[in-house]
Amino acid sequence: MQPSEELVIRPLSADLLEDYLSFFDHDAFCDNPDWAACYCYFFHVTRHDAAWEARTGEQNRAAISALIAGGRAHGYLAYVAGKPVGWCHAAPRIEIPYLQVVPELHVEDGQRVGAIVCFVIAAPFRRQGIARSLLDAACEGFRQQRLAFAEAYPRLDTHAEDENYPGPLALYSDAGFETFRQLEGALIVRKPL
C-alpha cells in the first residue's frame, strides 16, 4: 500500500457481493490455492467431515452468494484504491452456525457476543495494518449492535501463515483481548465492548 493510498473498510452488504466474489475469485488465495474453494463459507456449515471436503468451490461460491444477497452473511471488506484487498468474517456469535455445534466452543452468553472467525488479506497487502483496521471495524460494529463482548479464536503454535486465518494471537493481544478459555491448540479470547 502506497502512502497516498487510503484504506477504506466497508461492512459486507448485498451491494458488495461482486466485490466479495472478485476478491475470493482472484486475490484472496493466490498464494494458497488449496483453500481457494472455501469462499469463507466454512463457518456457515455445521459439519466439517467428508461432505465438507467434497464440496466444490462453485458450490461454496453459490452458497455464500445466496447468504450475502439475503443479508445473512456478515463481515468487513478492506479496500485500497477502490479494490478489495482484505476480508474479516465477523458477526453476532449466534449467527455463525459452526460455533453453535462444536461442544468446546459452547458459551452460556452467546447472544451477547460478536465473533471474529476469519481474516484473509491479499498477499501484497499483508503486514500493513489491514487486519488491525478490520478488527477495529468489527469491534465497532459489535458495539453499535450493543453486544457486550468481541470474541475470537486464535490458534497456538502455528508454523505457516495460512494457519493464522482466525487472526494471530498478537493481533488480539495488542487490541486488548484477553484469554477467556484455553482449547486444544487454540484460545478463546475476549474483549469487553
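Residues numbered from 1 in each chain as written. Predicted model: local features only at pLDDT ≥ 70, side-chain atom pairs only at ≥ 80, totals over all residues. Heavy atoms only, no water.

### Section: the overall build of the protein chain
Here's step 1: Counting secondary structure elements, the protein chain contains 6 helices and 7 strands.
Here's step 2: Seen in sequence order, the protein chain has helices and strands lined up from the N terminus as β-α-α-α-β-β-α-β-α-β-α-β-β.
Here's step 3: Taking 16 Å as the expected radius of gyration for a compact globule of 193 residues, we find that the protein chain reaches 16 Å, a close match to that expectation.
Here's step 4: Its C-alpha atoms give the protein chain principal-axis dimensions of about 40 × 40 × 35 Å.
Here's step 5: Counting across all 193 residues of the protein chain, residues that qualify as buried make up 47%.
Here's step 6: Intrachain contacts of the protein chain at a sequence separation of at least 6 include 66% that bridge at least 24 residues.
Here's step 7: If you average the places of the 17 positive and of the 26 negative side-chain charges in the protein chain, the two averages end up 5 Å apart. (Helix = DSSP H or I, 4+ residues; strand = E, 2+ residues; numbered from the N terminus. Rg over C-alpha atoms; globule rule 2.2 N^0.38 Å. Buried < 20%, exposed > 50% of the residue type's maximum accessible area, 1.4 Å probe, protein only. Contact = heavy atoms within 4.5 Å. Lys, Arg positive; Asp, Glu negative; His and termini not counted. Charge placed at Lys NZ, Arg CZ, Asp CG, Glu CD.)

### Here we look at the packing of helix α1 (residues 17–27) against helix α3 (residues 57–69)
Here's step 1: Where α1 meets α3, the closest approach of the two axes is 10 Å, and the angle between their N-to-C directions is 155°. Viewed along their axes, α1 and α3 adopt a mutual orientation that is roughly antiparallel. When the axes of α1 and α3 are compared, the crossing they make is right-handed. Residues L17, Y20, L21 and D25 of α1 pack against R61, I64, S65 and I68 of α3.
Here's step 2: Across the contact of α1 with α3, the residue classes tally to 5 nonpolar, 1 polar and 2 charged. (Axes fitted to C-alpha atoms, helices over the stretch in contact; angles between N-to-C directions. Parallel < 35°, antiparallel > 145°, perpendicular 65-115°, else oblique. Left-handed = near helix turned anticlockwise from the far one by under 90°. Nonpolar A, V, L, I, M, F, W, Y, C, P; charged D, E, K, R; others polar.)

### Some points on the pattern of salt bridges
Here's step 1: This model, assessed by the stated rule, comprises 8 salt bridges.
Here's step 2: The salt bridge involving R190 is made with D109; its shortest N-O contact spans 2.8 Å. Here the residue R190 occupies a position in strand β7 (residues 186–192), and D109 occupies one in the loop between α4 (97–101) and β4 (113–121), the gap between them amounting to 81 residues.
Here's step 3: A salt bridge links R143 to E140; the nearest nitrogen and oxygen atoms lie 3.0 Å apart. On the criterion of helical spacing, the pair formed by R143 and E140 is a turn pair, its members being 3 residues apart in helix α5 (residues 130–144).
Here's step 4: Residue R143 is classed as partly exposed on the basis of its relative accessible area of 34%.
Here's step 5: Here E140 falls in the partly exposed class, since its relative accessible area comes to 34%.
Here's step 6: Three or more residues are tied together by salt bridges with common partners; here these are R93, D109, E151 and R190. (Salt bridge = Lys/Arg side-chain N within 4 Å of Asp/Glu carboxyl O.)

### A closer look at α5
Here's step 1: Its 15 residues give α5 an end-to-end C-alpha distance of 21 Å, which sits within 8% of 21 Å, the value for a rise of 1.5 Å per residue.
Here's step 2: For α5, the set of buried residues is I130, L134, L135, A137, A138, C139, G141 and F142.
Here's step 3: Looking at the buried residues of α5, the elements they touch are β1 (7–11), β2 (76–80), β3 (83–92), β4, β5 (149–152) and α6 (169–174).
Here's step 4: Looking one or two residues beyond α5, the residue adopting positive phi is R146, at roughly 60°. (Expected span 1.5 Å × (residues − 1).)

### Here's the deal with the nonpolar core
Here's step 1: Counting 66 residues, the largest nonpolar core has Y20, F24, W87, I116, L135 and F177 as its most contacted members.
Here's step 2: Here Y20 is in contact with L12, Y39, C40, I64, I68, L77 and W87, once residues within four sequence places are set aside. (Core = buried A, V, L, I, M, F, W, Y, C linked by side-chain atoms within 4.5 Å.)

### Observations regarding the state of the cysteines
Here's step 1: The full count for this structure, using the stated rule, is 0 disulfides.
Here's step 2: C38 forms no disulfide, and the closest cysteine sulfur to it belongs to C40, at a distance of 5.6 Å.
Here's step 3: The exposure class assigned to C38 is buried, which follows from its relative accessible area of 19%. (Disulfide = S-S within 2.5 Å.)

### Thoughts on α1
Here's step 1: Turning to α1, its buried residues are L17, Y20, L21, F23, F24 and D27.
Here's step 2: The secondary structure elements touched by the buried residues of α1 are α3, β2, β3 and β4.

### Points about unusual backbone geometry
Here's step 1: Of note in the backbone geometry, C40 takes a positive phi value of approximately 55° without being a glycine.
Here's step 2: With respect to the secondary-structure elements, C40 resides in the loop between α1 and α2 (50–54).
Here's step 3: A positive phi angle, near 60°, is found at R127, a position not held by glycine.

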